[in-house]
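Structural features, examined
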Amino acid sequence: MKKIIYALILPLVVVSGLVFANREINNETSKKPGPKPLTAAEREAEMKKWKATPEGTKFTIWAVSPEGKKVLATAAKIRENINEYTNMEAVVTALSLPPGSRLGFGVMVRINGDDYIIKFEPEKSQLEQLHSLKVNDKIIVKSHSVSHAPKYSYPIISGEYVERDGKVIYKHVPREDGC
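Residues numbered from 1 in each chain as written. Predicted model: local features only at pLDDT ≥ 70, side-chain atom pairs only at ≥ 80, totals over all residues. Heavy atoms only, no water.

On to the pairing of strand β7 (residues 161–164). Of the two faces of β7, the one carrying Tyr 161 and Glu 163 and the one carrying Val 162 and Arg 164 are both buried. Here strand β4 (residues 138–142) runs beside β7; their pairing, made up of four bridges, is antiparallel. Residue pairing for β7: Lys 142 is matched across the bridge by Tyr 161. For β7 and strand β8 (residues 167–171), the ladder comprises four bridges, and the chain directions are antiparallel. When the sheet's bridge partners are listed, Arg 164 is paired in β8 with Lys 167. Linking β7 to β8, which pair antiparallel, is a turn of two residues; within it Asp 165 sits at a positive phi near 55°. (Buried < 20%, exposed > 50% of the residue type's maximum accessible area, 1.4 Å probe, protein only. Helix = DSSP H or I, 4+ residues; strand = E, 2+ residues; numbered from the N terminus. Pairing = 2+ DSSP bridges.)

Time to look at the environment of Ala 73. Here Ala 73 lies in helix α4 (residues 66–77). Classification of Ala 73 by relative accessible area gives partly exposed; the value is 42%. The sequence separation of Ala 73 and Pro 155 amounts to 82 residues, and the corresponding C-alpha distance is 9.3 Å.

Let us look at the pattern of salt bridges. Scanning the model with the defined rule gives five salt bridges in all. Close ionic contact of Asp 114 with Lys 77 constitutes a salt bridge, the shortest N to O distance being 2.9 Å. Of this pair, Asp 114 sits in strand β3 (residues 114–120) while Lys 77 sits in helix α4, placing them 37 residues apart in sequence. Lys 77 gets classed as exposed once you look at its relative accessible area, which sits at 57%. One salt bridge connects Arg 164 with Asp 137, and the closest N-O pair in it is separated by 3.2 Å. Here Arg 164 is found in strand β7, whereas its partner Asp 137 is found in the loop between α6 (124–131) and β4, with 27 residues between them in sequence. Taking relative accessible area as the criterion, Asp 137 reaches 16% and is therefore assigned buried. (Salt bridge = Lys/Arg side-chain N within 4 Å of Asp/Glu carboxyl O.)

Next up on the list: the nonpolar core. Judged by nonpolar contacts, the single largest core of 21 residues is most densely connected at Ile 78, Val 109, Ile 111 and Ile 139. Every element with two or more residues in this core is listed here: β1 (88–94), β2 (105–111), β3, β4 and β8. Discounting residues that sit within four places of it in the chain, Ile 139 has contacts with Met 88, Glu 89, Ala 90, Val 92, Val 109, Leu 133, Val 162, Glu 163 and Arg 164. Formed by five residues, the second largest nonpolar core is a distinct cluster that contains Leu 97, Met 108, Ile 117 and Tyr 152. (Core = buried A, V, L, I, M, F, W, Y, C linked by side-chain atoms within 4.5 Å. Contact = heavy atoms within 4.5 Å.)

One open sheet accounts for eight strands, arranged β5-β6-β3-β2-β1-β4-β7-β8; its pairing is mixed. Single-partner strands in this sheet number two, and they are β5 (146–147) and β8. Each of β3 and β5 touches α4; the most contacted strand, β3, lies at about 75° to it. Along the sheet, α6 makes contact with β2, β3 and β8, crossing β8 at roughly 130°. (Axes fitted to C-alpha atoms, helices over the stretch in contact; angles between N-to-C directions.)

Okay, the packing of helix α3 (residues 54–64) against α4 next. Here α3 crosses α4 at 80°, and the two axes come no closer than 4 Å. Judged by the angle between their axes, α3 and α4 are roughly perpendicular. Between α3 and α4, the contacting residues are Trp 62, Ala 63 and Val 64 on the first element and Pro 66, Glu 67, Gly 68, Lys 69, Val 71 and Leu 72 on the second. Grouping the amino acids of the contact of α3 with α4 by side-chain chemistry returns six nonpolar, one polar and two charged. (Parallel < 35°, antiparallel > 145°, perpendicular 65-115°, else oblique. Nonpolar A, V, L, I, M, F, W, Y, C, P; charged D, E, K, R; others polar.)

Next up, the structure:
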(Lines give C-alpha, C1' and ligand atoms only; values in the text may rest on other atoms or scores of the structure.)
Protein backbone atom coordinates (compact mmCIF):
# COMPACT_ATOMS: atom_id res chain seq x y z
CA MET A 1 0.00 0.00 0.00
CA LYS A 2 2.84 2.39 0.92
CA LYS A 3 4.50 1.72 -2.42
CA ILE A 4 1.34 2.76 -4.29
CA ILE A 5 1.08 6.01 -2.31
CA TYR A 6 4.77 6.79 -2.92
CA ALA A 7 4.29 5.95 -6.62
CA LEU A 8 1.42 8.48 -6.82
CA ILE A 9 3.13 11.24 -4.79
CA LEU A 10 6.49 11.06 -6.60
CA PRO A 11 5.11 12.15 -10.03
CA LEU A 12 3.09 14.90 -8.31
CA VAL A 13 6.26 16.29 -6.68
CA VAL A 14 8.20 16.11 -9.96
CA VAL A 15 5.46 17.88 -11.94
CA SER A 16 5.10 20.57 -9.23
CA GLY A 17 8.84 21.17 -9.34
CA LEU A 18 8.77 21.56 -13.13
CA VAL A 19 5.85 23.99 -12.98
CA PHE A 20 7.57 26.05 -10.30
CA ALA A 21 10.86 26.08 -12.24
CA ASN A 22 9.05 27.16 -15.44
CA ARG A 23 7.36 29.98 -13.51
CA GLU A 24 10.75 31.25 -12.31
CA ILE A 25 12.09 31.21 -15.89
CA ASN A 26 9.05 33.18 -17.13
CA ASN A 27 9.48 35.77 -14.38
CA GLU A 28 13.13 36.26 -15.31
CA THR A 29 12.35 36.81 -19.00
CA SER A 30 9.69 39.39 -18.18
CA LYS A 31 12.25 41.48 -16.27
CA LYS A 32 14.20 42.23 -19.46
CA PRO A 33 14.17 45.93 -20.21
CA GLY A 34 12.26 47.12 -23.28
CA PRO A 35 13.95 48.89 -26.15
CA LYS A 36 15.81 51.92 -24.91
CA PRO A 37 14.65 55.31 -26.20
CA LEU A 38 16.56 56.88 -29.05
CA THR A 39 19.08 59.58 -28.31
CA ALA A 40 18.59 63.02 -29.82
CA ALA A 41 21.18 62.27 -32.51
CA GLU A 42 19.53 58.93 -33.37
CA ARG A 43 16.11 60.60 -33.51
CA GLU A 44 17.48 63.29 -35.81
CA ALA A 45 19.07 60.67 -38.07
CA GLU A 46 15.77 58.73 -38.27
CA MET A 47 13.88 61.95 -39.08
CA LYS A 48 16.38 62.76 -41.83
CA LYS A 49 15.90 59.28 -43.31
CA TRP A 50 12.11 59.66 -43.18
CA LYS A 51 12.20 63.10 -44.83
CA ALA A 52 14.03 61.49 -47.78
CA THR A 53 11.08 59.10 -48.37
CA PRO A 54 8.20 60.09 -50.67
CA GLU A 55 5.90 60.53 -47.65
CA GLY A 56 8.47 62.73 -45.91
CA THR A 57 8.95 64.87 -49.02
CA LYS A 58 5.17 65.25 -49.42
CA PHE A 59 4.84 66.29 -45.76
CA THR A 60 7.69 68.81 -46.04
CA ILE A 61 6.10 70.43 -49.09
CA TRP A 62 2.72 70.54 -47.34
CA ALA A 63 4.22 72.04 -44.14
CA VAL A 64 5.58 75.08 -46.03
CA SER A 65 2.43 75.55 -48.12
CA PRO A 66 -0.14 78.17 -47.01
CA GLU A 67 -2.61 75.43 -46.01
CA GLY A 68 0.06 73.55 -44.04
CA LYS A 69 1.21 76.71 -42.28
CA LYS A 70 -2.39 77.50 -41.32
CA VAL A 71 -2.98 74.01 -39.87
CA LEU A 72 0.31 74.07 -37.95
CA ALA A 73 -0.39 77.58 -36.58
CA THR A 74 -3.90 76.54 -35.51
CA ALA A 75 -2.51 73.46 -33.72
CA ALA A 76 0.09 75.65 -31.97
CA LYS A 77 -2.71 77.82 -30.49
CA ILE A 78 -3.88 74.96 -28.25
CA ARG A 79 -0.45 73.39 -27.58
CA GLU A 80 -0.34 74.75 -24.01
CA ASN A 81 -3.78 73.29 -23.22
CA ILE A 82 -2.67 69.95 -24.69
CA ASN A 83 0.63 69.88 -22.77
CA GLU A 84 -1.07 70.77 -19.49
CA TYR A 85 -4.24 68.68 -20.14
CA THR A 86 -6.48 71.64 -19.31
CA ASN A 87 -10.07 72.41 -20.29
CA MET A 88 -10.77 73.80 -23.75
CA GLU A 89 -14.22 75.27 -24.42
CA ALA A 90 -15.53 74.12 -27.78
CA VAL A 91 -18.70 74.41 -29.86
CA VAL A 92 -19.75 71.47 -32.03
CA THR A 93 -19.93 72.68 -35.65
CA ALA A 94 -20.56 69.37 -37.49
CA LEU A 95 -21.49 65.84 -36.45
CA SER A 96 -19.43 64.21 -39.19
CA LEU A 97 -15.87 64.46 -40.36
CA PRO A 98 -14.77 65.89 -43.72
CA PRO A 99 -15.50 63.64 -46.74
CA GLY A 100 -12.89 60.94 -47.24
CA SER A 101 -11.77 60.93 -43.60
CA ARG A 102 -10.39 57.71 -42.23
CA LEU A 103 -10.19 58.72 -38.60
CA GLY A 104 -13.11 56.67 -37.32
CA PHE A 105 -15.75 58.37 -35.20
CA GLY A 106 -15.40 62.11 -34.63
CA VAL A 107 -16.95 65.56 -34.80
CA MET A 108 -15.90 69.03 -35.92
CA VAL A 109 -15.57 71.73 -33.26
CA ARG A 110 -14.59 75.38 -33.01
CA ILE A 111 -12.20 76.43 -30.23
CA ASN A 112 -11.42 80.14 -29.89
CA GLY A 113 -12.55 80.81 -33.46
CA ASP A 114 -10.55 77.99 -35.09
CA ASP A 115 -11.91 74.70 -36.45
CA TYR A 116 -10.60 71.31 -35.29
CA ILE A 117 -11.38 67.65 -35.82
CA ILE A 118 -11.92 65.67 -32.61
CA LYS A 119 -11.52 61.94 -33.14
CA PHE A 120 -12.66 59.39 -30.59
CA GLU A 121 -11.92 55.75 -29.93
CA PRO A 122 -15.06 54.97 -27.97
CA GLU A 123 -16.13 51.71 -26.42
CA LYS A 124 -19.56 50.57 -27.63
CA SER A 125 -21.08 51.65 -24.31
CA GLN A 126 -19.85 55.22 -24.89
CA LEU A 127 -21.24 55.66 -28.40
CA GLU A 128 -24.76 56.53 -27.29
CA GLN A 129 -23.56 59.50 -25.25
CA LEU A 130 -21.35 60.77 -28.08
CA HIS A 131 -24.18 60.37 -30.59
CA SER A 132 -26.30 62.61 -28.34
CA LEU A 133 -24.13 65.60 -29.32
CA LYS A 134 -25.84 68.21 -31.47
CA VAL A 135 -24.57 71.08 -33.60
CA ASN A 136 -23.98 74.20 -31.45
CA ASP A 137 -23.57 72.15 -28.24
CA LYS A 138 -21.03 73.76 -25.94
CA ILE A 139 -18.60 71.19 -24.60
CA ILE A 140 -15.41 71.05 -22.54
CA VAL A 141 -12.62 69.00 -24.14
CA LYS A 142 -9.35 67.69 -22.71
CA SER A 143 -6.63 65.93 -24.65
CA HIS A 144 -2.99 64.93 -24.51
CA SER A 145 -2.51 64.97 -28.27
CA VAL A 146 -3.01 67.15 -31.33
CA SER A 147 -1.76 66.03 -34.74
CA HIS A 148 -1.95 67.04 -38.38
CA ALA A 149 -1.66 65.44 -41.78
CA PRO A 150 -1.52 66.76 -45.35
CA LYS A 151 -4.83 65.03 -46.09
CA TYR A 152 -6.75 67.17 -43.57
CA SER A 153 -7.31 70.93 -43.55
CA TYR A 154 -7.73 70.95 -39.76
CA PRO A 155 -5.64 69.88 -36.75
CA ILE A 156 -6.77 66.57 -35.27
CA ILE A 157 -7.38 66.41 -31.52
CA SER A 158 -7.49 62.96 -29.92
CA GLY A 159 -10.57 63.18 -27.73
CA GLU A 160 -9.85 61.88 -24.24
CA TYR A 161 -12.42 63.71 -22.13
CA VAL A 162 -15.64 65.52 -23.06
CA GLU A 163 -18.06 67.24 -20.72
CA ARG A 164 -21.42 68.84 -21.57
CA ASP A 165 -23.53 70.81 -19.11
CA GLY A 166 -21.25 69.77 -16.25
CA LYS A 167 -21.63 66.04 -16.99
CA VAL A 168 -18.91 63.80 -18.40
CA ILE A 169 -20.18 62.26 -21.63
CA TYR A 170 -16.91 60.69 -22.74
CA LYS A 171 -13.73 59.60 -21.01
CA HIS A 172 -11.11 57.59 -22.88
CA VAL A 173 -10.79 54.06 -21.55
CA PRO A 174 -7.13 52.94 -21.59
CA ARG A 175 -6.40 49.72 -23.44
CA GLU A 176 -5.76 46.54 -21.49
CA ASP A 177 -2.17 46.26 -22.76
CA GLY A 178 -1.36 49.77 -21.54
CA CYS A 179 -0.88 51.34 -24.96
